[in-house]
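Geometric and topological summary
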Amino acid sequence: MTTTRSPLTGRLVVNALLGLMALYTLIPLWWLFVSATKGEGYLHQGSPLWFSHFDLGGNLGRVFSFQDGVFSSWLANSALYSLVGAAVSTLLSVMAGFALAKYKFRGRETIFNVVLASVLIPAPMFALPLFLMLAELRLTDTYWAVLLPSFVSPFGVYLSRIYASASVPDELLEAARIDGAGERRTFFRIALPVMAPALVTIFLFQFVSVWNNYLLPALMINDASKLPVTVGLVQWRSEFANGVPSMLPITGAFVSLVPLLVAFVVLQRFWRSGLTAGAVK
């Protein structure tokens, strides 16, 4: 006699697993927030997951005033690298993915396979070759040393091609061409609105990737005024013996998460918009 698992039991198991995954993700964030509110010298006193000796305002003031406010420069650099890098990368990825999906030319599948293979290569493996190449061009220790590599996103090209193949009808493009629209107008006025959810996804992934990137800026940048916040916080963490208060890296790490949360909250509503924009009626 065989027994079947009831739908209720299956849902309970799935919800329990999702709950554990959510806790695994949220508990470190909660610890970081709670720790950032504790006064200097009280980090290891009281419960690690609850508030005590509250001094968030003082910690924020010290973070933004320490070393003549260099933390503000680090945040601005991270914003520059992430916004410009993600914007250019999104546009290039969507253009390349659309071309690979909707145009037939010799070598198309070979190019796509190379792009797909590069997605599987860990990003740190590109760091040293990029450093040597940019050193030859005398671009190290400049903003371009971080911006130029961030303009390329193999995952963005892959996602763009998949999304364009599935969501942009060939009939829609043909109708635009029959009406006299050129290829550039067809792409920007017809295809791009339909691909809006893919654009938002690529932009958000690339924004987070560039914002959290540590290895490449650490190799490329020596000037402290050009460092992103990730590298700057690690420098603070390694300089405890040189007078850097222990709460500065923790509070700085908490502050550095705020732009990522804001970007997600602002952009997530666009995932549902544009799904039917420009659809064939």
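Attention in this report is confined to the structure presented alongside it. (Residues numbered from 1 in each chain as written. Predicted model: local features only at pLDDT ≥ 70, side-chain atom pairs only at ≥ 80, totals over all residues. Heavy atoms only, no water.)

Here the focus is the nonpolar core. Counting 31 residues, the largest nonpolar core has Phe-71, Trp-74, Phe-207, Val-229 and Trp-236 as its most contacted members. Sorting the residues of this core by element identifies α3 (70-102), α6 (144-150), α10 (196-212), α11 (215-220), α12 (229-238) and α13 (247-267) as the ones contributing at least two each. For Phe-207, the residues in contact, after removing those within four places along its chain, are Ser-82, Leu-83, Ala-86, Pro-259, Leu-260 and Ala-263. Ala-101, Phe-187, Val-194 and Ile-202 belong to the second-largest nonpolar core, a separate cluster that totals 15 residues. (Core = buried A, V, L, I, M, F, W, Y, C linked by side-chain atoms within 4.5 Å. Buried < 20%, exposed > 50% of the residue type's maximum accessible area, 1.4 Å probe, protein only. Helix = DSSP H or I, 4+ residues; strand = E, 2+ residues; numbered from the N terminus. Contact = heavy atoms within 4.5 Å.)

For Lys-226, the position within the fold is in the loop between α11 and α12. One buried charged residue, Lys-226, forms no salt bridge at all, with the nearest opposite charge on Asp-223 at 4.2 Å. Non-local contacts of Lys-226, meaning those with residues more than four positions away in its chain, are made with Asn-77, Tyr-81, Asp-141, Thr-142, Tyr-143 and Ile-221. (Lys, Arg positive; Asp, Glu negative; His and termini not counted. Salt bridge = Lys/Arg side-chain N within 4 Å of Asp/Glu carboxyl O.)

Estimated volume of the largest pocket: approximately 750 Å³. As for the largest pocket, its lining consists of 24 residues, of which Ala-123, Phe-126, Val-152, Pro-154 and Ser-209 are closest to the centre. For the lining of the largest pocket, the element with the most residues is α10, which contributes 5 residues. The class makeup of the residues in the lining of the largest pocket is 18 nonpolar, 6 polar and no charged. Leu-29, Trp-30, Leu-32, Phe-33, Val-208, Phe-254, Leu-257, Leu-260 and Leu-261 together form the lining of the second largest pocket. Only α1 (7-36) and α13 provide two or more residues apiece to the lining of the second largest pocket. Of the residues contributing to the lining of the second largest pocket, the split by class is 9 nonpolar, no polar and no charged. (1 Å grid on protein atoms, 1.4 Å probe; cavity = no way out; pocket = protein on both sides within 12 Å on 5 of 7 lines; lining within 4 Å. Points joined across faces, edges and corners; volume = space filled by probe spheres on them. Nonpolar A, V, L, I, M, F, W, Y, C, P; charged D, E, K, R; others polar.)

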